[in-house]
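# Topology and contacts: notes
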Amino acid sequence: MMDQSLATIIELQSITKVYGTGSAAMPALRGIDLTIRAGEFVAVMGPSGSGKSTCMNILGCLDTPTSGSYLFEGQNVASLSRDQLALVRRHYLGFIFQGFNLLNRTSALENVELPLIYRGIPVAERHRRARAALASVGLADRERHTPGELSGGQQQRVAIARAIVTDPTVLLADEPTGNLDTARSREVMELLTAFNRDRGLTVIMVTHEPDMAAYAKRQIHFRDGLIDDADDTVIPGRSA
Amino acid sequence: MLWETVILAFREIRRNVMRSSLTILGIVIGVAAVITLVTLGRGATAQVAAEIASLGSNMLQIRPGQGFRGPGGASGAAKPFKEKDVTAIAQQIAGIAAVAPLTMRNGQVIAGNVNWSTNITGSTTEYLFVRSWSLAAGRSFTDSELRAGKSVCILGATVKKELFGDQDPLGARVRVSGITCRVIGLFAAKGQSSGGNDQDDFLLMPLQTLQRRIVGNDDISAIFVSARDGVSTAKVREDIEQLLRERRRIGANQADDFFVRDMQEIMSTLTGTTRILTALLGAVAAVSLLVGGIGIMNIMLVSVTERTREIGIRLAIGALEKDVLLQFLVESVVLSSFGGLFGIAFGLGAAALGARAMDMPFIFSPGIVAVAFLFSGGVGVVFGFFPARKAARLDPIDALRHE
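Residues numbered from 1 in each chain as written. Chains lettered and ligands numbered in written order. Predicted model: local features only at pLDDT ≥ 70, side-chain atom pairs only at ≥ 80, totals over all residues.

## So, the overall build of chain A
Of the regular secondary structure elements, chain A holds seven helices and 11 strands. Computed over C-alpha atoms, the radius of gyration of chain A comes to 18 Å, within 12% of the 18 Å expected from 2.2 N^0.38 for 240 residues, which places it in the range of a compact globule. Dimensions along the principal axes, computed over C-alpha positions, put chain A at roughly 50 × 40 × 35 Å. Taken across its 240 residues, chain A has 46% of its residues classed as buried. (Helix = DSSP H or I, 4+ residues; strand = E, 2+ residues; numbered from the N terminus. Rg over C-alpha atoms; globule rule 2.2 N^0.38 Å. Buried ≥ 20, exposed ≤ 12 C-beta atoms within 10 Å, placed from the backbone.)

Take a look at the structure:
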């Protein structure tokens with residue numbers, strides 16, 4: 001079902017990122033080229049300090065590269081301003097974090113509604129879409145619960161609902177199962193797989209665990225600020 | 001979006017009721033102080049104005065001498081006025097409603113075996129008009145009584161009380177500085193003046209009677225003039241000065257040997273003084289508002305630090321800098337406006353109590369309430385801006401990592 005004709009969503013060209021200046025300069029990325037197509041499910045792996053988190057921050061438009069170009073749906077977003085990057089995140093990206101990052105003392109429904117508020121969606125439609133998103137992660141009956149009243153797995157599912165409620169182009173997941181036990185991790189992965197399969201949602205996920213990476217159709221390995229091409233595992237029938 | 005932000009601000013504030021109340025305490029105290037002081041100040045101003053109005057606000061007092069307190073100020077030092085001066089003023093000055101010549105003297109008044117020392121004033125019926133006196137009983141002087149210098153008198157409320165108690169004095173005879181007078185009227189009480197003098201402690205008799213039978217000359221020690229409504233007292237004053245300078249043959253380079261006191265002018269001086277005092281007190285109170293603002297800034301900074309992760313989440317899912325800025329700004333404005341509302345309530349309450357305690361009018365002025373409310377909101381904007389900007393400029397990556 002994957003083929004080369006699928007549109008390119010993300011294209012990184014010679015991306016570098018250097019922290020600090022002068023003799024204290026610390027290169028985190030040394031020239032990354034990466035293409036991600038619509039509907040892919042990519043697992044990003046690598047030891048800590050390999051640059052995968054830096055790369056994820058750049059992919060997520062939370063950070064800008066030191067040099068190189070980042071084409072998001074053909075638009076170069078490498079040198080956009082803070083607010084322009086925020087607009088890219090608002091309209092095209094969804095985030096899931098290891099620590100769930102839900103607003104405390106705020107109901108599940110309101111957490112899911114949050115991105116819709118910033119999109120200026122009227123309250124009735126907001127409720128409707130947020131309820132649908134919660135239902136799609138199997139939490140329709142928990143909309144009044146606050147994160148403190150939910151288990152870790154449920155919290156991460158709320159976070160997934162919040163990430164997909166805007167129908168983003170790309171879902172960025174930063175170690176989404178890092179804080180969960182195996183059973184809960186499988187639930188989360190199955191949800192992500194389902195969204196990828198059923199809605200054609202592009203998923204980029206950082207993980208340490210090969211078990212979780214196995215859910216992805218493609219694996220990218222980072223080492224010392226570079227993508228280890230040899231390890232770029234591509235599903236059969238498709239070349240990079 | 002703004003509405004959502006306001007709701008969010010209310011929710012944040014409700015989450016920390018204790019802290020929020022302590023935070024706004026400074027604003028509450030500041031606003032309450034401003035409202036109380038300004039309201040009481042307005043009351044005092046109004047009271048002073050009312051007292052002066054009871055003297056006769058259109059009144060001009062003309063006395064010989066060079067002022068009340070300056071050198072040679074004693075009225076006796078300069079040439080006194082005569083009947084002709086009064087007639088000249090009445091006939092030649094435009095815009096005058098009434099002219100009352102008067103002469104005063106302290107003396108004993110005796111009724112039966114009761115003895116009271118009071119101010120004996122000799123004047124005409126015009127005096128009642130000029131000083132806005134009304135009669136509680138009896139009648140005023142007739143023209144013939146005035147012309148003939150009949151021995152009749154009208155008692156002030158205090159004199160009546162001291163000499164007659166609850167008895168009806170009308171028609172009774174009293175001895176006034178050695179002459180026997182018939183009581184023909186009673187003044188309605190006016191109470192104390194702003195200076196603390198008992199305005200009711202006096203006795204009025206025809207000018208002629210006092211001059212001929214008690215003082216023994218035809219001097220007039222003061223002339224009270226009442227300007228017509230709508231006529232500028234300053235103009236009347238000028239005209240009178242001009243006329244009297246001519247009549248008293250004062251050369252161009254010579255100083256006046258009389259002076260005209262304009263009650264309107266005194267009123268504006270007095271109300272001006274209370275107004276300045278009010279403004280000063282208000283300024284002192286405004287300083288406490290400032291201190292309250294710093295308290296808000298402090299708590300907002302703490303709040304921004306505490307909610308760093310929340311800010312990170314909001315930024316990550318697409319909040320713009322201005323969205324976050326607005327969120328915290330609205331929160332601080334809502335906080336400080338709450339402080340303003342409570343402060344206004346407390347301030348008005350305190351002013352009402354204070355006005356009652358000090359026997360002053362309570363004057364509610366919507367203007368100052370609106371200003372205080374807007375000002376407290378402004379304090380929220382000014383002191384909330386720095387913390388809000390700090391929040392808005394957070395780096396989303398760092399903010400998300402914040403523990």
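Resuming the write-up.
## Comments concerning the overall build of chain B
A count of helices and strands for chain B gives 13 helices and 10 strands. A compact globule built from 403 residues would reach a C-alpha radius of gyration of about 22 Å, whereas chain B, at 33 Å, exceeds it by more than 25%. When the 403 residues of chain B are sorted by exposure, 41% land in the buried category. In chain B, the proportion of contacts linking residues at least 24 apart, taken out of those at least 6 apart, comes to 83%. (Contact = placed C-beta atoms within 7 Å.)

## Here's the deal with the pairing of strand β7 (residues 179-187) of chain B
Residue and element names in this part refer to chain B. Two strands pair when backbone bridges link them, and strand β4 (residues 135-138) and β7 are joined in this way by three bridges, in the antiparallel orientation. Across the sheet, the residue bridging to G138 is G185, located in β7. Examined bridge by bridge, strand β6 (residues 173-176) and β7 share four bridges and lie antiparallel to one another. Paired with V176 across the strands is I179, a residue of β7. Linking two consecutive strands that pair antiparallel, namely β6 and β7, is a turn of two residues; a positive phi of about 45° is found at S177 within it. (Pairing = 2+ DSSP bridges.)

## Some remarks on the confidence of the model for chain A
For chain A, mean pLDDT is 90; residues scoring 70 or higher make up 93% of the total. Considering only residues more than four positions removed or in separate chains, one finds that residues 236-240 of chain A, a stretch of pLDDT under 50, has five contacts. (pLDDT = per-residue confidence, 0-100.)

## So, helix α12 (residues 366-392) of chain B
With 27 residues, α12 of chain B should cover 39 Å at 1.5 Å per step; its first-to-last C-alpha distance of 37 Å lies within 8% of that length. The largest bend in α12 of chain B is about 45°, located at F385 of chain B, with the proline P387 of chain B one to four residues further on. (Expected span 1.5 Å × (residues − 1). Bend = angle between axes of the 7 residues up to and from the residue.)

## Examining the domain arrangement of chain B
Each assigned domain of chain B is listed here: domain 1 (2-51 + 271-401) and domain 2 (80-256). Here the C-alpha centre of domain 2 of chain B lies 57 Å away from the C-alpha centre of domain 1 of chain B. (Domains from an automatic or database assignment.)

## Quick word on the nonpolar core
Most often, soluble globular proteins have nonpolar side chains that are buried together. In terms of nonpolar packing, the biggest core is built from 121 residues, with V42, V44, A161 and M205 of chain A touching the most fellow members. Tallying contributions element by element places helix α2 (residues 17-56) of chain B first for this core, with 13 residues. Ignoring sequence-local partners within four residues, the contact set of A161 of chain A consists of V112, A133, L134, S136, V137 and L139 of chain A. (Core = buried A, V, L, I, M, F, W, Y, C linked by C-beta atoms within 7 Å.)

## Some details on the sheet that holds strand β1 (residues 8-19) of chain A
By way of backbone hydrogen bonds, the strands of a sheet pair with one another, either parallel or antiparallel. One open sheet accounts for four strands, arranged β2-β1-β4-β5 (chain A); its pairing is antiparallel. Whereas interior strands pair on both sides, the edge strands pair on one side only; in this sheet they are β2 (26-37) and β5 (75-76) of chain A.

## Topic: the interface of chain B and chain A
Facing the 17 residues of chain B at the interface are 19 residues of chain A. When contributions to the side of chain B that touches chain A are tallied by element, the ones reaching two or more residues are α1 (2-15), α10 (308-316), α11 (321-357) and α13 (396-401) of chain B. Per element, the largest residue contribution to the side of chain B that touches chain A is five residues, and it comes from α10 of chain B. In terms of residue class, the side of chain B that touches chain A is built from 10 nonpolar, one polar and six charged. (Nonpolar A, V, L, I, M, F, W, Y, C, P; charged D, E, K, R; others polar.)

## A word on the environment of T207 of chain A
Residue and element names in this part refer to chain A. Position of T207 among the secondary structure elements: in the loop between β8 (202-206) and α7 (210-213). Look at T207 and you get buried, because 25 C-beta atoms sit within 10 Å. Considered as a pair, T207 and A43 are 164 residues apart in the sequence and their alpha carbons are 6.8 Å apart. Discounting residues that sit within four places of it in the chain, T207 has contacts with A43, M45, E175, T177, M212 and A213.

## Looking at unusual backbone geometry
As a rule of thumb, non-glycine residues mostly have phi less than zero, and peptide bonds are mostly trans rather than cis. Residue and element names in this part refer to chain A. Residue E73 is not a glycine yet carries a positive backbone phi of 50°. Tracing the sequence through the fold places E73 in the loop between β4 (67-72) and β5. Backbone geometry at E175 places phi at a positive 45°, although glycine is not the residue there. The topology assignment puts E175 in the loop between β7 (170-174) and α6 (182-199). On the basis of neighbour count, E175 is assigned to the buried category, with 20 C-beta atoms found within 10 Å.

## Observations concerning the environment of S232 of chain B
Residues and elements named next belong to chain B. As for its position among the elements, S232 is in the loop between β9 (222-227) and α8 (233-247). C-beta crowding within 10 Å serves as the criterion here: with 12 such atoms nearby, S232 is assigned to the exposed category. Taking the C-alpha atoms as reference points, S232 and N58, 174 residues apart in sequence, are found 8.8 Å from one another.

## Quick look at the packing of α1 of chain B against α11 of chain B
Residues and elements named next belong to chain B. Between α1 and α11, whose axes approach to 9 Å, the crossing angle comes to 60°. The angle between α1 and α11 falls in the class oblique. The chirality of how α1 crosses α11 is right-handed. Between α1 and α11, the contacting residues are T5, V6, L8, A9, F10, E12 and I13 on the first element and L326, Q327, V330, E331, V334 and L335 on the second. Residues belonging to the contact of α1 with α11 are distributed by class as follows: nine nonpolar, two polar and two charged. (Axes fitted to C-alpha atoms, helices over the stretch in contact; angles between N-to-C directions. Parallel < 35°, antiparallel > 145°, perpendicular 65-115°, else oblique. Left-handed = near helix turned anticlockwise from the far one by under 90°.)

## Considering the pairing of β7 of chain A
All names here are of chain A. Counting buried residues along β7, five of its five residues qualify, which places the element largely inside the surrounding structure. Burial along β7 is two-sided: the residues V170, L172 and D174 and L171 and A173 are all buried. By the bridge criterion, four bridges tie strand β6 (residues 93-96) to β7 in an arrangement that is parallel. Residue G94 lies in a different strand from β7, and its bridge partner there is L171. For the segment spanning β7, α6 and β8, crossover handedness is right-handed. (Right-handed = clockwise from strand over helix to strand, strands pointing away.)

## Points about the packing of helix α3 (residues 108-118) of chain A against helix α5 (residues 152-164) of chain A
Residues and elements named next belong to chain A. Across the interface, α3 lies against α5 with an axial gap of 7 Å and an inter-helix angle of 30°. Compared by their axis directions, α3 and α5 come out roughly parallel. As α3 runs across α5, the sense of the crossing is right-handed. Contacts between α3 and α5 pair A108, N111, V112, L114 and P115 from the former with V158, A161 and R162 from the latter. Of the residues contributing to the contact of α3 with α5, the split by class is six nonpolar, one polar and one charged.

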